[in-house]
Amino acid sequence: MIEVEDLSVTFGRHTSVVRAVRQATFRVGEGESFGLVGESGSGKSTVLRAVAGLIENWSGAITVAGRQQGRRRDRAFYKRVQMVFQDPYGSLHPRHTVDRILVEPVAIHRLDTADRRIERALADVGLGSRFRYRYPHQLSGGQRQRIAIARALILEPRVLLLDEPTSSLDVSVQAEILNLLQRLRRERGLTYLLVTHNLAIVAHMCERVAVMNAGRIVEALDVGVLRSENPTHPYTRQLLQASKGYDRETARGLVDFADA
Amino acid sequence: MSAPSPDRPLLAVEGLRVDFASPVGTIHAVRGVNFSLGREKVGIVGESGSGKSVTGRAILRLIAAPGAVSAQRLEFDGIDLMGIDERAMRSIRGARIAMVMQDPKFSLNPVMTVGRQIAEAYLVHHDATRGEARSRTLEMLRAVRIRDPERVFDAYPHEVSGGMGQRAMIAMMLIPGPDLLIADEPTSALDVTVQMQVLSIVDDLVTARGMGLIFISHDLNLVASFCDRVLVMYGGRIVEECRASELRAARHPYTQGLLAALPRIDDAGRELAVLQRDPAWLEPSERL
């Protein structure tokens, strides 16, 4: 469904060039859930934004559903590929009602039966029609993220790009949103590309995962390997060790892989 | 600085309440919190709105109007924190009780070099020359394992990384030699590996100086692995108190629910347990 080959992204120019992504290559099969993990600055979100067409300054090849993508994406691309952002406080227009937020993609894509689509999208994310005329500030963080997911789903896309969809939520709300995303994928055979810094979320949500560090994919592996705590790359091992909680010995043995 | 006697706790909190008056009624952010703390690492965990940060701030009397703090007892090393005036409180803040906040980007002064800010913290509480303050600051930067203290001393906050900034914050908070450190989500903005490094620095310094630490966090695993004791807050109350090593065997349904809601690396694919909130959790309990 998604093929990324030799993707490189640079920001800035002349003396201050940042090579945010360096020759990233991976593919995601139809119906698969693929994770991109790494620490801040590893380039994981930049890869996602390049796939989404939100960044223009990339080189390499991005193919989605058999079509090679250029700098600009057409409307058909966004009918097929939608994105959910990290912060539901920032990604919903504060002065638009839920109804207006959901009607916009329907109008842009000139689809009919907006009314039925909105009702259905709200039901799909576990919110009733009573939420339809509320403003974002009248919703909790978890409810807002459900609206963001509803907005992505209303076009009936095949691919969801998820950028840290639960990292601004409490753990109890995070569990609800992760369960919702799992159910939607099961029911509709959606393809997920999920960016997170949290290895437990990747192990929970994905079949395969690419580990990124300093712009490079250091290793791509099945989550089974992650689960059995047996990754080959030392960076992945260190990340896994550090995710398990505080340990004085582990803290002493940490190595900086950034320049490696 | 008197040495606290061993039988007296470093901090004793009884019946702490914090209310915020608002046009739509009073918000009871903290509703009767009791705990005491020795020279140990105590974690306060809870979700947003549980009152954990407000509790930390109330101890330092950093709650501004319309917030109102009341307590039957709020005693630090034998000093009644509710009874002393603002001037006396200022001599305690920083010097004896210090606080590290979540994000170094917002808690460091952006137009002052890192070194000057740390030196200022020392000069406020010590009668020392600028030269002495500088050498103490460089020493402190070395203690928080900053490899190139001279460079960081002269750097502005935007010129250092998040992990470096948070180490500078910790250096600033520890340079006056406090007895109690309140750390409010000190590593939540940091990557896991950087978080580990920063925590090991806090761990070493707190242990070496025999300080007390209140570690406020939403991360149950982190608190369980880092602290000696854990207080779990919900709706402005402490609903569970246990040894950190025994958090997995927690008895309160809220704590159990939080633990079950966490995705785990070794247990993937299952449906995550969703927390069912019980209104009874908001009632005062006799369990503790």
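Residues numbered from 1 in each chain as written. Chains lettered and ligands numbered in written order. Predicted model: local features only at pLDDT ≥ 70, side-chain atom pairs only at ≥ 80, totals over all residues.

Thoughts on the interface of chain A and chain B
Then, number 1: Of the residues lining the interface, 30 residues belong to chain A; the matching set on chain B comes to 31 residues.
Then, number 2: For the side of chain A that touches chain B, the elements supplying multiple residues, two or more each, are helix 6 (171-188), helix 7 (199-205), helix 8 (223-227), helix 9 (234-243) and helix 10 (248-252) of chain A.
Then, number 3: Per-element tally for the side of chain A that touches chain B: the top contributor is helix 6 of chain A, with six residues.
Then, number 4: Tallied by class, residues from the side of chain A that touches chain B come to 14 nonpolar, nine polar and seven charged. (Contact = placed C-beta atoms within 7 Å. Helix = DSSP H or I, 4+ residues; strand = E, 2+ residues; numbered from the N terminus. Nonpolar A, V, L, I, M, F, W, Y, C, P; charged D, E, K, R; others polar.)

Concerning helix 9 of chain A
Then, number 1: Taken residue by residue, helix 9 of chain A has Y235(A), T236(A), Q238(A), L239(A) and A242(A) as its buried positions. Burial along helix 9 of chain A is one-sided: seen end-on, the buried residues are contained in an arc of 160°.
Then, number 2: Where helix 9 of chain A is buried, its residues touch helix 7, strand 9 (208-213), strand 10 (216-222) and helix 10 of chain A together with helix 8 (192-209) of chain B. (Buried ≥ 20, exposed ≤ 12 C-beta atoms within 10 Å, placed from the backbone. Arc of directions from axis to C-beta.)

Digging into the environment of V42(B)
Residue and element names in this part refer to chain B.
Then, number 1: Tracing the backbone through its elements, the reader meets V42 in strand 3 (residues 41-45).
Then, number 2: You can call V42 buried: it has 22 C-beta atoms within 10 Å.
Then, number 3: Once the C-alpha coordinates of V42 and L231 are considered, the two residues, 189 residues apart in sequence, prove to be 7.4 Å apart.
Then, number 4: The residues contacting V42, other than those within four sequence positions of it, are L37, L213, I214, F215, C227, D228, R229 and L231.

Observations regarding the confidence of the model for chain B
Then, number 1: Of the residues in chain B, 95% reach a pLDDT of 70 or more, and the chain-wide mean stands at 90.
Then, number 2: Listed scores for the predicted complex are pTM 0.87 and ipTM 0.82. (pLDDT = per-residue confidence, 0-100.)

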